[in-house]
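# Analysis of the macromolecular model
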Amino acid sequence: MQELRRIAITGASSGLGAALAKALAQPGVSLHLCARRVKGLEEVAGACRASGAEVQTSSIDLRNPSAGPAWIEAIAAGGPIDLLILNAGIFAGRSEKGVMEPLDAIPGLIATNLTSPLLCATAAVPAMRARGRGHVVLISSLSAVSPSPDSPGYSAAKAGLSAYGKALADDLAGTGVLVHVVEPGHILSHHTDQQIGAVPLAITPEAAADHILRGVKRGAARIAFPLLPRLYVRLTDLLPRPIRLLLNRSQRFTVRNDPDPLSGE
Ligand SMILES: NC(=O)c1ccc[n+]([C@@H]2O[C@H](COP(=O)([O-])OP(=O)(O)OC[C@H]3O[C@@H](n4cnc5c(N)ncnc54)[C@H](OP(=O)(O)O)[C@@H]3O)[C@@H](O)[C@H]2O)c1
């Protein structure tokens, strides 16, 4: 694996992004972390500094199309990015009384989960390509492979992100830049706290971070986990639709949608 000294992670104030930052923190590593919540970012930064890493935090809202590219440019001005983890994401779905995802959730879902990682990758990749090295990690979801009828907009954003990652990986083949599309099952975080219903085989953010970093180390283009949900998704996809719908009935859920996804302090 390429040496990972300068690392940038979006959505590092909680959950998976925080676990990835802590797992990567060590002396000689410079971490650039962003999210909206200053308090969460500073808590994570403190833990990473205690492990010996240098840490810079930026409170930005990635729904603003210029925020991600400007953040990337500011990091790149200080030196090349070895590992870019585009992890920030929000979750929304059918509420208990609703029939679909709320109308006002859709623009934020697409802006955060799809447009923002595409903009950040587009800003970062040319320098990586010119340098002939670098890793881009896109945190998608198993919902990209098996779209959920209870969170169709979220699933669509993640399917778009997975498609983008596969296309980018092929474009960069042979350049020395590696793209890793990550498709996790349930991870215990604010995201699963919002979900009312079964979250089968959910794993901790730390276990998820471990899966991802092992995948990055072996150069995997697709990192999907845990094994059982991954196999379930693959097998049920082969079944006739009525049987798949029947089997998936136990997976249905509703969502406590954040009233305003801009969570503030
Ligand atoms: N949990 C699961 O079951 C699961 C499964 C598959 C994939 N994923 C994906 O994993 C990623 C991490 O989610 P998580 O489970 O760790 O949930 P989480 O704890 O809610 O983390 C989401 C992170 O994204 C940041 N974020 C959200 N909107 C943002 C914005 N507009 N600008 C900047 N940062 C923003 C949040 O920080 P602020 O609120 O401070 O901005 C937070 O740090 C997401 O992409 C999610 O879709 C999660």
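Our structure is the block above this text.
As the structure is a prediction and not an experimental result, all values here were calculated from the model.

For the rest of this paragraph, the subject is the overall build of the protein chain. The secondary structure content of the protein chain amounts to nine helices and nine strands. What you see for the protein chain is a C-alpha radius of gyration of 18 Å, in line with the 18 Å of a compact globule of 265 residues. Burial analysis of the protein chain (265 residues in total) assigns 41% to the buried set.

This part takes up helix H3 (residues 67–77). For H3, every residue scored as buried is listed here: Gly68, Trp71, Ile72 and Ile75. Down the axis of H3, the buried side of the element spans an arc of 100°, and every buried residue falls inside it. Residues Glu73, Ala74 and Ala77 are exposed on H3 and point more than 90 degrees away from its buried face. Here the buried face of H3 lies against strand S1 (6–10), strand S2 (30–35), strand S3 (54–59) and helix H4 (106–131).

Here we come to the site of the ligand. With respect to spatial proximity, 30 residues lie near the ligand, and among them Gly11, Gly15, Arg36, Arg37 and Gly89 are the closest. Of the residues in the shell around the ligand, the class split is 10 nonpolar, 16 polar and four charged.

With 67 residues, the main nonpolar core has Ala21, Leu31, Leu33, Leu84 and Val137 as its most contacted residues. Considering every element that reaches this core, the biggest residue donor is H4, with eight residues. If we ignore the near neighbours within four places in the chain, the residues touching Leu31 are Ile7, Ala21, Leu24, Ala25, Cys48, Ala53, Glu54 and Val55.

This brings us to the sheet that holds strand S4 (residues 83–86). Judged by pairing direction, the sheet is parallel, and its seven strands sit side by side in the order S3-S2-S1-S4-S5-S6-S8 without closing on themselves. Edge strands, defined here as strands with exactly one partner in the open sheet, are S3 and strand S8 (222–225). Strand-to-strand twist in this sheet, taken as the mean axis angle between neighbours without regard to direction, amounts to 15°. The strands that helix H2 (residues 38–50) touches are S2 and S3; relative to S3, the one it contacts most, it runs at about 175°.

Our focus in this paragraph is the pairing of strand S6 (residues 177–184). For S6, the buried fraction is high: eight of the eight residues fall into the buried class. Alternating positions in S6 separate into two faces, Val177, Val179, Val181 and Glu183 on one and Leu178, His180, Val182 and Pro184 on the other, with burial throughout. Relative to S6, strand S5 (residues 134–139) runs parallel, the two being bridged by six bridges. Within S6, the position partnered with Val136 by the bridge is Val179. By the bridge criterion, four bridges tie S6 to S8 in an arrangement that is parallel. Counted as the bridge partner of Val182 is Ile223 from S8.

All right, on to the environment of Gln195 then. As for its position among the elements, Gln195 is in strand S7 (residues 195–197). Once the C-alpha coordinates of Gln195 and Phe225 are considered, the two residues, 30 residues apart in sequence, prove to be 19 Å apart. Discounting residues that sit within four places of it in the chain, Gln195 has contacts with Phe253 and Val255.

Bridging between S2 and S3 involves six bridges; their strand directions are parallel. Paired with Leu33 across the strands is Thr57, a residue of S3. Once you follow S2 into H2 and on to S3, the crossover reads as right-handed.

Here we come to unusual backbone geometry. Following Phe225, the chain continues to Pro226 via a peptide bond in cis, the omega torsion being -15°. Note that Pro226 resides in the loop between S8 and helix H8 (227–238). Despite not being glycine, Leu201 has its phi angle at roughly 55°, a positive value. The residue Leu201 is located in the loop between S7 and helix H7 (205–217) in this model. Residue classification places Leu201 among the partly exposed residues on the basis of 13 C-beta atoms within 10 Å.

The interhelical angle for the contact between helix H1 (residues 15–24) and H7, taken along N-to-C directions, is 60°, at an axis separation of 8 Å. Considering the angle they form, H1 stands oblique to H7. With respect to the hand of their crossing, H1 and H7 are arranged in right-handed fashion. Residues Gly15, Leu16, Ala18, Ala19, Leu20 and Ala23 of H1 form the contact with H7, whose participating residues are Pro205, Glu206, Ala208, Ala209, Asp210, Ile212 and Leu213. Its residues assigned to classes, the contact of H1 with H7 shows 10 nonpolar, one polar and two charged.

Each value, and the rule that gives it
Residues numbered from 1 in each chain as written. Predicted model: local features only at pLDDT ≥ 70, side-chain atom pairs only at ≥ 80, totals over all residues. Helix = DSSP H or I, 4+ residues; strand = E, 2+ residues; numbered from the N terminus. Rg over C-alpha atoms; globule rule 2.2 N^0.38 Å. Buried ≥ 20, exposed ≤ 12 C-beta atoms within 10 Å, placed from the backbone. Arc of directions from axis to C-beta. Contact = placed C-beta atoms within 7 Å. Near = placed C-beta within 6 Å. Nonpolar A, V, L, I, M, F, W, Y, C, P; charged D, E, K, R; others polar. Core = buried A, V, L, I, M, F, W, Y, C linked by C-beta atoms within 7 Å. Pairing = 2+ DSSP bridges. Axes fitted to C-alpha atoms, helices over the stretch in contact; angles between N-to-C directions. Right-handed = clockwise from strand over helix to strand, strands pointing away. Parallel < 35°, antiparallel > 145°, perpendicular 65-115°, else oblique. Left-handed = near helix turned anticlockwise from the far one by under 90°.

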